[in-house]
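Here are the chains, one letter per residue:
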Amino acid sequence: MEEGLKTERKRLEWLDAMRGFTMIMVVAFHVSQISYVETLKTSAALPFLVLFRMPLFFFVSGFLAYKSRFVWTARNTLGLLGKKLKIQVFPALVFLCVFIVLRKSHFWPAFTSSMASPTKSGYWFTWVLLQMFLVYYLTCFAIRRLPEKVQHGCLWGLWLLTLVAYEFCYMPKVFDAENCEFLKASSLLQTMKFMHFFVMGNLVHRYWDAPALPEGGTDGRGPWQRVLDSAWFFPLICILAFVCCADVFRWHNLKFVWTNLPRTIAMYCLLFIVVTFFRHYKQWFTQQTAVGRGLQYVGTRTLDVYLLHFILMPKLPEVGQWMNRHQPNFLIDILISVLPALVIVAFCLLISNILRISPLFSENFFGRKG
């Protein structure tokens, strides 16, 4: 989570900023859910945030996972897995224990209950990301000797397979994933729900830049950049997002095996709306602007914020009760959630900087030396 957000040619500052924005939305979601004890049925903001916050994170993680110059030898692949195992599991386990000590009455029952749940008291993200890296690395290793176009075809097949796995998660009559204890305890259920976003981010990066031509004549934009810049793409995803969100939240027209289709389309459309927005207004999110510097700083410390923010989450159920007594309003719900989230993020960064004074903590908790 701490790697530089780069393509082969240049650093994408807007992508750093977008990840910082997404982290703030994650904290805002947890403020509403944990602090205010809001639910998807009572909140005007929670259902909308659910549709794009985690998909964006996994999309960016998959985008970063692609390294065009990496050689997929057995030694290199095992080395990558070892590094990911260290940074994805140990910090989350440590901060889960700290969270239980500070916020729970009895350590061992709370610990065993957390480890048996798919979300691990909130500390599921890094463990699930490790599983995604494992699948991706092993796939790349297996197809390393194939021609590049065939490799891309295999990854499109992996995306389709993981998308089908995601759809099965919401079809209890066909695949009762919610009642499978192994899937829940291992968090494979969460992996099945989000892996396809990781693979899509990886595929987008593979088609992001155009190959350099000896004679020149290219503006550097690959197929995906050209799609984002096309006249039809943004209007299309905005219309689809509106129609599909309307069906998810109000109409509920599709039933049985098709009931999750509008939700899936809405998630992808909202994801690409955010990506298109940050890329189109990338001049707002550079190091030359205050907003850009702030969001980029959060974006390069997302692991820190993720590990620490659960510990700092206040308990304010009275706010949620007040909100529920009044007509739910999206703007008010967002503001009441985002403003405390900004304060929590600021304190997370303060604590993070204090802990990073120790090279031992910096390397083993946050994946950086010094």
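A brief report on the enclosed structure follows. Note that the structure is a prediction, hence the values are computed from the model and not measured.

**Some words on unusual backbone geometry**
With glycine set apart, most residues show a phi of negative sign, and most peptide bonds adopt trans.
For step 1, the next point in the chain: The phi angle at V37 is positive, at roughly 55°, despite the residue not being glycine.
For step 2, the next point in the chain: With respect to the element layout, V37 can be found in the loop between α1 (13-35) and α2 (46-65).
For step 3, the next point in the chain: Backbone geometry places S187, a non-glycine residue, at a positive phi of 65°.
For step 4, the next point in the chain: Mapped onto the fold, S187 is located in the loop between α7 (181-185) and α8 (188-206).

**Some thoughts on the nonpolar core**
For step 1, the next point in the chain: Membership of the largest hydrophobic core comes to 104 residues, with the highest contact counts inside it found for W14, M18, F58, Y123, Y136, F198 and F272.
For step 2, the next point in the chain: For this core, the element with the highest residue contribution is α2, accounting for 14 residues.
For step 3, the next point in the chain: In this structure, Y123 is in contact with A92, F95, L96, F99, Y306, L307, F310 and I311, ignoring residues within four places of it in sequence.

**Some thoughts on the environment of T302**
For step 1, the next point in the chain: Structurally, T302 can be placed in helix α13 (residues 302-312).
For step 2, the next point in the chain: Overall, T302 belongs to the buried group, its relative accessible area being 0%.
For step 3, the next point in the chain: Counting along the chain gives 191 residues from T302 to F111, while the straight-line C-alpha distance between them is 24 Å.

**Regarding the packing of aromatic side chains**
For step 1, the next point in the chain: What the rule picks out here adds up to 45 aromatic pairs.
For step 2, the next point in the chain: Pairing W72 with Y136 gives two aromatic rings, centres 6.1 Å apart and planes at 90°, and the pair type is edge-to-face. Remark: Y136 occurs in helix α5 (residues 125-142) and W72 occurs in the loop between α2 and α3 (74-103); sequence separation between them is 64 residues.
For step 3, the next point in the chain: For the pair Y123 and F310, a centre-to-centre distance of 5.0 Å together with 50° between the ring planes defines the contact as tilted. Residue Y123 is found in the loop between α4 (107-116) and α5, and its partner F310 is found in helix α13; the two are separated by 187 residues along the sequence. For the pair shown, Y123 and F310 are each scored as buried.
For step 4, the next point in the chain: Positioned over the ring face of F29 is R53, at 3.7 Å from the centre of the ring.
For step 5, the next point in the chain: Here the basic side chain of K84 rests over the ring of F133, its NZ or CZ set 4.3 Å away from the ring centre.

Quick notes on the rules
Residues numbered from 1 in each chain as written. Predicted model: local features only at pLDDT ≥ 70, side-chain atom pairs only at ≥ 80, totals over all residues. Heavy atoms only, no water. Helix = DSSP H or I, 4+ residues; strand = E, 2+ residues; numbered from the N terminus. Core = buried A, V, L, I, M, F, W, Y, C linked by side-chain atoms within 4.5 Å. Buried < 20%, exposed > 50% of the residue type's maximum accessible area, 1.4 Å probe, protein only. Contact = heavy atoms within 4.5 Å. Phe/Tyr/Trp six-rings, centres within 6.5 Å; stacked < 30°, edge-to-face > 60°. Lys NZ or Arg CZ within 6 Å of the ring centre and 35° of its normal.

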